[in-house]
Amino acid sequence: MVEECTGCLGCIDICKVGALDVETTKDGFIYPKIDKDKCVECGKCISVCSFKNPIKKVYPQDTYIAISSDVTNTINSTSGGIFWELANAIISNGGYVCGCVLDQELNPVHIISNKIEDIVSMQGSKYIQSDMSTIYPQINKICQEKKDILFTGTPCQCSAIKLHFPNYEHLYLVDIVCHGVPSSALWKKNLNELNITKSNGKMQFRIKGKYDRTRYAISINNKIIDYKKNGYYTLFMKERSFRKSCYQCQFAEDKRVGDITIGDCNTWRDYANFYPDKPISILLVNSFKGEALFNMIKDNIEYENLDFEKEKKCNRQLSVPSDIKKRLHDYELYDITFGEKKLSDYSEGYKLVDYFKYIIKRILPIKLRNNIQGILK
Ligand SMILES: Cc1cc2nc3c(=O)[nH]c(=O)nc-3n(C[C@H](O)[C@H](O)[C@H](O)COP(=O)(O)OP(=O)(O)OC[C@H]3O[C@@H](n4cnc5c(N)ncnc54)[C@H](O)[C@@H]3O)c2cc1C
């Protein structure tokens, strides 16, 4: 096990002698495991490994704040619904989209599709490491058909895809600003504690509504669980449960790996006339292909120039990775994930001030609150 391994599993796909398999380590994350008796030392696994082959990243050419013009489409999105617009454009041109969904057992997995109902499932951030193991052969097939494919995922996942399919001209990469991923094993423990086996609708990690621009809460089966009332989500917010590689992420910087980068706009207060009551996205155009993508959607979105230098100061993952000092020790993660320790003991809990905020939000409309906060700042 190597701590820099991001868990993309590209090495397992490329190994044609079956010398690599998956193992789950004590902290709950999956890693490739080598069978030295089968390995023929061809080096293919190394050639697709992101940390062995640092990929060229580029400084964005153009930087915007953005939101889909049809805000009803964005209700399932985390911020401005830019992913939705990009995915639609690609599908309308006969292409495919690869993104993260929660499967029937609520496991996070990357799938490939050209169907709109699957794009709806891909919408929205799932704060868990997603499984990419099945997509490599499928992308290969699409390459042979010479169809467009839009891959969306964390920057390390984009890097893995770029290394795997270096010369495919119809591949478009969209990386999301990311500050780290907890393991799907920890997520399973959370579901067990919550007594949830499946979802009877769309499950979300961020909720938009009339009281909140965006609320960090799990919405499932008509229940809303605030992040402070959930141990899994509290650990995520406090950056305590991420994969080890996330704390030394080579992609947490202003130079990007994707053709386009999307993220939450953290300096939204500076754009008082740009949808102040809605969460908006940052949209970074990083390459010629990114420019082509932007041109495909620009008539379907509202956008303005972004002060990128200022955004970088507020959106930390555009400069540095999460702080390793915050991470729980492996043995503690093991105890929570597989042992007796309860995740619920890690929830921050609601304090008096939180109840107060909750009531204020229900009394004062978002716009008025924004104005007051703007004056107080
Ligand atoms: C784990 C994680 C951490 C993030 N941290 C930050 C941050 O610190 N700062 C910031 O500005 N933005 C962060 N984001 C990105 C942000 O939440 C939104 O994804 C982004 O603003 C785009 O919003 P959207 O409305 O355009 O798209 P959305 O509809 O929200 O869709 C975004 C895309 O994200 C992909 N996706 C969802 N979950 C995962 C996953 N687990 N793994 C890989 N891909 C996934 C989907 O395939 C979809 O294509 C994070 C996202 C994730 C998944």
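Reading the values: rules and limits
Residues numbered from 1 in each chain as written. Predicted model: local features only at pLDDT ≥ 70, side-chain atom pairs only at ≥ 80, totals over all residues. Heavy atoms only, no water. Helix = DSSP H or I, 4+ residues; strand = E, 2+ residues; numbered from the N terminus. Rg over C-alpha atoms; globule rule 2.2 N^0.38 Å. Contact = heavy atoms within 4.5 Å. Areas by Shrake-Rupley, 256 points an atom, 1.4 Å probe, with all protein chains shown as cover. Lys, Arg positive; Asp, Glu negative; His and termini not counted. Charge placed at Lys NZ, Arg CZ, Asp CG, Glu CD. Pairing = 2+ DSSP bridges. Axes fitted to C-alpha atoms, helices over the stretch in contact; angles between N-to-C directions. Near = heavy atom within 4 Å. Polar contact = N/O pair within 3.5 Å; in protein donor to acceptor, adjacent residues only side chain to side chain. Nonpolar A, V, L, I, M, F, W, Y, C, P; charged D, E, K, R; others polar. Buried < 20%, exposed > 50% of the residue type's maximum accessible area, 1.4 Å probe, protein only. Arc of directions from axis to C-beta. Core = buried A, V, L, I, M, F, W, Y, C linked by side-chain atoms within 4.5 Å.

The chain appears in an unreviewed UniProt entry as 4Fe-4S dicluster domain-containing protein from Agathobacter rectalis.

Along the chain, the regular secondary structure elements total 13 helices and 13 strands. Radius of gyration (C-alpha) of the chain: 21 Å, near the 21 Å computed for a compact globule of 377 residues. For the chain, the spread of C-alpha atoms along the three principal axes comes to 65 × 50 × 40 Å. Restricting the contact set of the chain to residue pairs at least 6 apart, pairs at least 24 apart contribute 70%. Accessible surface for the chain amounts to roughly 18200 Å². Of this, 51% is attributable to carbon and sulfur atoms. Distance from the positive charge centre (53 side chains) to the negative charge centre (46 side chains) of the chain: 4 Å.

In this section: the sheet that holds strand β6 (residues 149-153). Reading across the sheet, the eight strands line up as β5-β4-β6-β7-β11-β12-β3-β13 and stay open at both edges, with mixed pairing between neighbours. Every other strand in the sheet has two partners, leaving β5 (108-113) and β13 (301-305) as the edge strands with one partner each. Strand-to-strand, the axes of this sheet are offset by a mean angle of 25°, without reference to chain direction.

With that settled, consider the site of the ligand. Around the ligand, the surrounding shell holds 34 residues, and the nearest of these are T78, S79, S125, K126 and V177. One of the backbone N or O atoms of G124 is found 2.9 Å from an oxygen atom in the ligand. A total of 900 Å² of accessible area belongs to the ligand in isolation, and the protein chains cover 97% of it. Residue assignment for the shell around the ligand shows that the elements contributing at least two residues are α3 (82-92), β4 (96-102), β6 and β11 (260-264). In terms of residue count, β11 provides more of the shell around the ligand than any other element does, three residues in total. Grouping the constituent residues of the shell around the ligand by class yields 11 nonpolar, 21 polar and two charged.

Moving on: helix α5 (residues 135-145). Turning to α5, its buried residues number three or more, namely I135, Y136, I139, I142 and C143. Across the axial projection of α5, the buried residues extend over an arc of 120°, all falling on one side. Pointing more than 90 degrees away from the buried face of α5 are the exposed residues K141 and Q144. Summarising the contacts, the buried residues of α5 are in contact with α1 (10-14), β4, β5, β6 and α6 (155-164). Immediately beyond the C-terminal end of α5, within one or two residues, lies K146, with a positive phi of roughly 55°.

All right, on to the nonpolar core then. L106, W187, M203, F205 and I218 are the most contacted members of the largest nonpolar core, which totals 27 residues. Elements with a minimum of two residues in this core: α7 (184-194), β9 (215-220), α8 (231-237) and α11 (330-337). The element best represented in this core is α8, accounting for four residues. Formed by 26 residues, the second largest nonpolar core is a distinct cluster that contains L86, A89, I91 and L293.

Bringing the side chain of S68 into the picture now. Residue placement: S68 occurs in strand β3 (residues 62-68). Of note is the side chain of S68, whose polar atom sits 2.6 Å from the side chain of E85. When residues no more than four places from it in sequence are discounted, the contact partners of S68 are T74, G80, G81, I82, E85, N300 and I301.

A few words now on the environment of K16. Mapped onto the fold, K16 is located in the loop between α1 and β1 (20-24). By relative accessible area, K16 is classed as exposed at 64%. Each C-alpha atom of the pair K16 and C39 lies 9.7 Å from the other, and the pair is 23 residues apart in sequence. At 2.8 Å, the side chain of K16 forms a polar contact with the backbone oxygen of D13.

Turning our attention to the sheet that holds β9. Taken together, three strands build an open sheet; the order of strands is β8-β9-β10 and the sheet is antiparallel. If you trace the sheet from one side to the other, it starts and ends with β8 (204-207) and β10 (223-226), each paired once. Between one strand axis and the next, the sheet turns by 40° as a mean value, whatever way the strands run. With four bridges joining them, β9 and β10 adopt antiparallel strand pairing. Bridge pairing in β10 links I218 to I225.

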